[in-house]
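Below are the chains, spelled out letter by letter.
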Amino acid sequence: MEEYKIILFLCNWGPHTAYQQLQDNGYQIPLEVKMIRIPCTGRISKALLFKAFEMGADGVAIVGCNSGACRYGSGTLTAENNTEDTRNIIDLLGIGRERMRLATFLPDESEALKTFLADFCEEIKELGKSPVMPAKLQPVEVYDESAQQVIARYDAYSCQDCGKCTASCPLALSGKTFSPRNIVSDIIRGNDATEKVYADVHACLTCGICHERCPSDVNFPEFIRDMRCLLNQTRISGERIQPHGGFFQSLMRTMTSKDILPDRWKWLPEDIKVDPGSKTLFFGGCAPYFDAFFKKHQHVNTVDILADALRLLNFFDVRPRLMEMERCCGHDLLWSGDRTNFMRLAKLNVEMIQDLGIETVITACPECYYTLGFEYEKNGIQPGFTVTHLYAFLENEINKGAVTFKPLPRRITYQDSCRMNRMEEIINLPRKLIQRLAVEQFQEMKDSGRSALCCGNCAWTGCDAYSKALQVKRIRQAHDTGSDLLVTSCPKCQIHLRCAMEDPFQETELKMEMIDLTSLIARTICWE
Amino acid sequence: MAKKVNKQEVIVTGFGGQGIVLAGKILGMAAALGDHRESTLVQSYGPESRGGACCAQVIISEKTIQYPYVKMADVLVCMSQSAYEKYKSQIKPEGYLITDRDLVNPDGQREVYDIPATRMAEELGRTMMANIIMIGFVTAVTALISEKAAREAVMSSVPKGTEEMNLKAFTRGFEYGQSKLKGREKKAAGQTGAIA
Ligand code: SF4
Ligand code: SF4
Ligand code: SF4
């Protein structure tokens, strides 16, 4: 018989008493139920709930006190929200929302608890085993590499100790005791195993300004990426330096399971036309997951970007294919130092895309573009299809002429995407497109283009008070342009900047409307 | 594809120096050599070739052409305001009026197919190529001559060494024309923007 694993997060207060009563009365709790006693359901974050699934749970129940009976007041309400979001996420992943339940019991409701457990166990057995293959059970690929090799790859030995990198680093400028120059010299001196180096390597935003400035052309972001991969091989990767409890890394690792059947496009608006026979694939990226995760929080709506990208393709008579089983491109796993699982995702994606006979992949996300278009090949995986950024497609089509833009009475400014700014192929495209728009005013921020400030986070790694200060500085720069609309080109910039705008201490001072360039184009483009 | 209409009459007009006559010649050559039809070209010389209104009259037909002058055109291509004023009455009601958008301000009496040919030529690095861009545009919009024939005629008429550049100019005009037709089609179907 197959062994099922059902995780029961059980609140210490109300329902635990009921649970104990069952045990006292000699009731055998179903063997598949693994109970974890918790102080309050409200403390079980989405990351923890999801983690159970990542590790192979077939079902997760979170059981607490009735709303009014919560010892801490709002615990149950928080649990309700977390449960709802987690259920949406596992549903998108194709694990099935039924595998997660929330219930509440008073101390004397042991019979009801008994029925609940039996019923849930039965339902899970009907659903069968979870399709997730825990990443931890799969072999870890060990890359035989030393810090000195990484140093040599990026020729960091040629560092002249000039300090230009530290002087331009936005984290250092926000007051953090952080110096790219010191990281380099510490690692050269062989101190790569210290806590300080580990923390600093993970604090870097990989924004690349330092690389722009470095006279010795030390590619710091890539150096950091490889150092992360190296350092995390020998230690449990640092969830403590991953914001949101490492939820996103956990999500991405889960997507390496071959057997899950994600349903990424179920939300697709009806007006969008796709063609299952097309040789052109639109690769969406993880926006639907971001929205599900941040739903209650920040009204993040990054799937609009995908819908508008598809509308623009339709506008120019391209009906692309979509891949329901699309996985994360793996960017954030690689950039948070998990090469093994990045490689798994990369292989899976390439395999699936090739199986569909795709010739061209179009994407609107700078990170997907970068990863599919360059990183896969660099890591020895031959994609066999060409990758086009939506902006390149648009620029080409619009350049043919006969389209124009409806006037938009807004004053706009533009937040550069770090990845896009380091890719010569597409670096100029956003501004070219912006110049075509019929807006009232386009004003650059104080730091723009190649010296633009990062939105404050990369790869869900190292969010802290200093990166927050950096974000506040950036948003102030946006306000200083006199603009009323901040245009972005990466869904993550929207998420991180929006997060900073919600800072309760700054109240509404930082608030500014944001829109992705893709959406802005889709909303105003028209035939002449 | 060239339309199987018996006879089409074309007037290409503009300033001297815009390559008007060459444009007429390319249209005629494409029809005759590429599409295997008959064609004639009448060009006006004179003071115009130094800047006044300049004109090329082209007739394309399935049968031998007896009279090479155009009274009423099926396609009127105008690359200057004065040329437009002079010839605007010589177009059939169902004919195509084609203009350089930045150089001609039409009176709004009829539908216009316009293209910023000169501006595009400047962007490509040579104002001289506006006429080739215009030929690309005319080819896409009117189906007077086939694309293949047009390209071949461009290739054989432009100075050696500039073929590739001129083909690029042709493509620019051709794609603009296709895009324009597509846009009109979409508008007619009620889809103006990307969002319904
Ligand atoms: S990549 Fe950006 S955050 Fe990292 S060290 Fe360089 S400038 Fe600082
Ligand atoms: S900018 Fe380059 S050369 Fe200068 S200290 Fe930094 S890494 Fe070294
Ligand atoms: S800035 Fe906000 S949304 Fe971004 S990682 Fe940090 S806490 Fe999360």
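The rules behind these values
- Residues numbered from 1 in each chain as written.
- Chains lettered and ligands numbered in written order.
- Predicted model: local features only at pLDDT ≥ 70, side-chain atom pairs only at ≥ 80, totals over all residues.
- Heavy atoms only, no water.
- Helix = DSSP H or I, 4+ residues; strand = E, 2+ residues; numbered from the N terminus.
- Rg over C-alpha atoms; globule rule 2.2 N^0.38 Å.
- Buried < 20%, exposed > 50% of the residue type's maximum accessible area, 1.4 Å probe, protein only.
- Contact = heavy atoms within 4.5 Å.
- Areas by Shrake-Rupley, 256 points an atom, 1.4 Å probe, with all protein chains shown as cover.
- Lys, Arg positive; Asp, Glu negative; His and termini not counted.
- Charge placed at Lys NZ, Arg CZ, Asp CG, Glu CD.
- Near = heavy atom within 4 Å.
- Nonpolar A, V, L, I, M, F, W, Y, C, P; charged D, E, K, R; others polar.
- Buried area = accessible area lost by both parts, 1.4 Å probe.
- Salt bridge = Lys/Arg side-chain N within 4 Å of Asp/Glu carboxyl O.
- Core = buried A, V, L, I, M, F, W, Y, C linked by side-chain atoms within 4.5 Å.
- Domains from an automatic or database assignment.
- Expected span 1.5 Å × (residues − 1).
- Axes fitted to C-alpha atoms, helices over the stretch in contact; angles between N-to-C directions.
- Parallel < 35°, antiparallel > 145°, perpendicular 65-115°, else oblique.
- Left-handed = near helix turned anticlockwise from the far one by under 90°.

Novice: Looking at this structure, I do not really get the overall build of chain A. What am I missing?
Specialist: Of the regular secondary structure elements, chain A holds 23 helices and 13 strands. Taken over the C-alpha trace, chain A has a radius of gyration of 24 Å; the compact-globule value for 528 residues is 24 Å, and the two agree within 12%. Considered along the principal axes of its C-alpha atoms, chain A spans approximately 75 × 60 × 50 Å. Each of the 528 residues in chain A was classed as buried or not, and the buried ones make up 61%. Put simply, of all contacts in chain A between residues at least 6 apart along the chain, 81% involve residues at least 24 apart. By element, 51% of the accessible surface of chain A is carried by carbon and sulfur atoms, the whole surface being about 20,800 Å². For chain A, the distance from the average position of its 61 positive side-chain charges to the average position of its 69 negative side-chain charges is 3 Å.

Novice: Please clarify how the site of ligand 1 should be interpreted in this entry.
Specialist: By nearness alone, every residue bordering ligand 1 is listed as Cys169, Pro170, Phe178, Pro180, Cys204, Leu205, Thr206, Cys207, Gly208, Cys210 and Phe220 of chain A. Each residue belonging to the shell around ligand 1 can be placed in one class, and the counts come to nine nonpolar, two polar and no charged.

Novice: Honestly, the site of ligand 2 in this entry has me stumped. Any pointers?
Specialist: In the region of ligand 2, the neighbouring residues are Cys159, Gln160, Asp161, Cys162, Gly163, Lys164, Cys165, Arg181, Cys214, Pro215 and Ser216 of chain A. Here the shell around ligand 2 is built from residues that sort into five nonpolar, three polar and three charged.

Novice: Hey, could you run me through the interface of chain B and chain A in this one?
Specialist: Many analyses report the size of an interface as the accessible area lost when the parts associate. Opposite the 15 residues of chain B that make contact, chain A presents 17 residues. Taking both partners together, chain B and chain A bury about 1,500 Å²; carbon and sulfur atoms supply 50% of that area. Contact with chain A buries area across many residues of chain B, yet Lys182, Ala194 and Ile195 of chain B alone supply 33% of it, more than any other trio. Linking chain B to chain A there are four salt bridges.

Novice: What is the right way to look at the nonpolar core in this model?
Specialist: Most often, soluble globular proteins have nonpolar side chains that are buried together. Judged by nonpolar contacts, the single largest core of 107 residues is most densely connected at Phe282 and Ile525 of chain A. It is helix α14 (residues 303–315) of chain A that provides the largest number of residues to this core, a total of eight residues. Apart from residues no more than four positions distant in its own chain, Ile525 of chain A is found in contact with Leu312, Phe315, Phe316, Ile398, Val403, Thr404, Phe405 and Lys406 of chain A together with Thr192, Gly193 and Ala194 of chain B. Listed in part, the 43 residues of the second largest apolar core include Ile20, Ala31, Met120 and Ala121 of chain B.

Novice: Would you explain the domain arrangement of chain A in this entry?
Specialist: Per the domain assignment, the segments making up chain A are domain 1 (6–132), domain 2 (147–233), domain 3 (261–395) and domain 4 (402–527). One C-alpha centre belongs to domain 1 of chain A, the other to domain 2 of chain A; they are set 44 Å apart.

Novice: How should the pattern of salt bridges be read in this particular structure?
Specialist: Should the charged atoms of two oppositely charged side chains come close, the side chains can pair. All names here are of chain A. This model, assessed by the stated rule, comprises 60 salt bridges over all chains. With a shortest N-O distance of 2.9 Å, Arg476 and Glu509 are connected by a salt bridge. Residue Arg476 is located in helix α21 (residues 465–480), and its partner Glu509 is located in the loop between α22 (491–501) and β12 (513–516); the two are separated by 33 residues in the primary sequence. Each of Glu145, Arg153, Glu222, Arg225, Asp226, Arg339, Glu375 and Lys378 takes part in a single network of salt bridges with overlapping partners.

Novice: Sorry if this is basic, but what is going on with helix α11 (residues 220–231) of chain A here?
Specialist: All names here are of chain A. Between its terminal C-alpha atoms α11 stretches 16 Å, which fits the 16 Å expected from twelve residues at 1.5 Å a residue. Among the twelve residues in α11, twelve count as buried, and that is most of the element. Those residues of α11 that sit buried are Phe220, Pro221, Glu222, Phe223, Ile224, Arg225, Asp226, Met227, Arg228, Cys229, Leu230 and Leu231.

Novice: I keep staring at the packing of helix α16 (residues 339–355) of chain A against helix α17 (residues 366–378) of chain A and nothing clicks. Help me out?
Specialist: Describing two packed helices takes the angle between their axes plus the distance from one axis to the other. Residues and elements named next belong to chain A. Two elements in contact, α16 and α17, have axes separated by 11 Å at closest approach and are oriented at 110°. Relative to α17, the element α16 lies roughly perpendicular. The chirality of how α16 crosses α17 is left-handed. Contacts between α16 and α17 involve Phe342, Leu345, Ala346, Asn349 and Val350 from the former and Thr371, Glu375 and Tyr376 from the latter. Within the contact of α16 with α17, the residues separate by chemical class into five nonpolar, two polar and one charged.

Novice: Before we go on, may I ask you to explain the packing of helix α8 (residues 180–188) of chain A against helix α9 (residues 195–203) of chain A in this structure?
Specialist: All names here are of chain A. Where α8 meets α9, the closest approach of the two axes is 10 Å, and the angle between their N-to-C directions is 135°. In terms of their interaxial angle, α8 and α9 are classed as oblique. When the axes of α8 and α9 are compared, the crossing they make is left-handed. Contact residues: α8 offers Ile183, Asp186 and Ile187, while α9 offers Val197, Asp200 and Val201. Of the residues that constitute the contact of α8 with α9, the class distribution is four nonpolar, no polar and two charged.

Novice: Would you take a moment to explain unusual backbone geometry for this structure?
Specialist: Comment: phi is negative for the bulk of residues other than glycine, and the bulk of peptide bonds are trans. Residues and elements named next belong to chain A. Here Asp155, not a glycine, exhibits a phi torsion of approximately 50°, which is positive. Of note, Asp155 is situated in the loop between α5 (147–153) and α6 (164–168). Classification of Asp155 by relative accessible area gives partly exposed; the value is 39%. The phi torsion at Trp460 lies on the positive side, around 50°, for a residue other than glycine.

Novice: I keep staring at α14 of chain A and nothing clicks. Help me out?
Specialist: Since the α-helix packs 3.6 residues into each turn, any two residues three or four apart lie on the same face. Residue and element names in this part refer to chain A. Compared with an ideal rise of 1.5 Å per residue, which puts 13 residues at 18 Å, α14 spans 18 Å between its outermost C-alpha atoms and is within 8% of the ideal. The buried fraction of α14 amounts to twelve of the 13 residues, a majority that puts the element mostly inside the structure. Within α14, burial applies to Val303, Ile305, Leu306, Ala307, Asp308, Ala309, Leu310, Arg311, Leu312, Leu313, Asn314 and Phe315. One or two residues past the end of α14 sits Asp317, with phi positive at roughly 65°.

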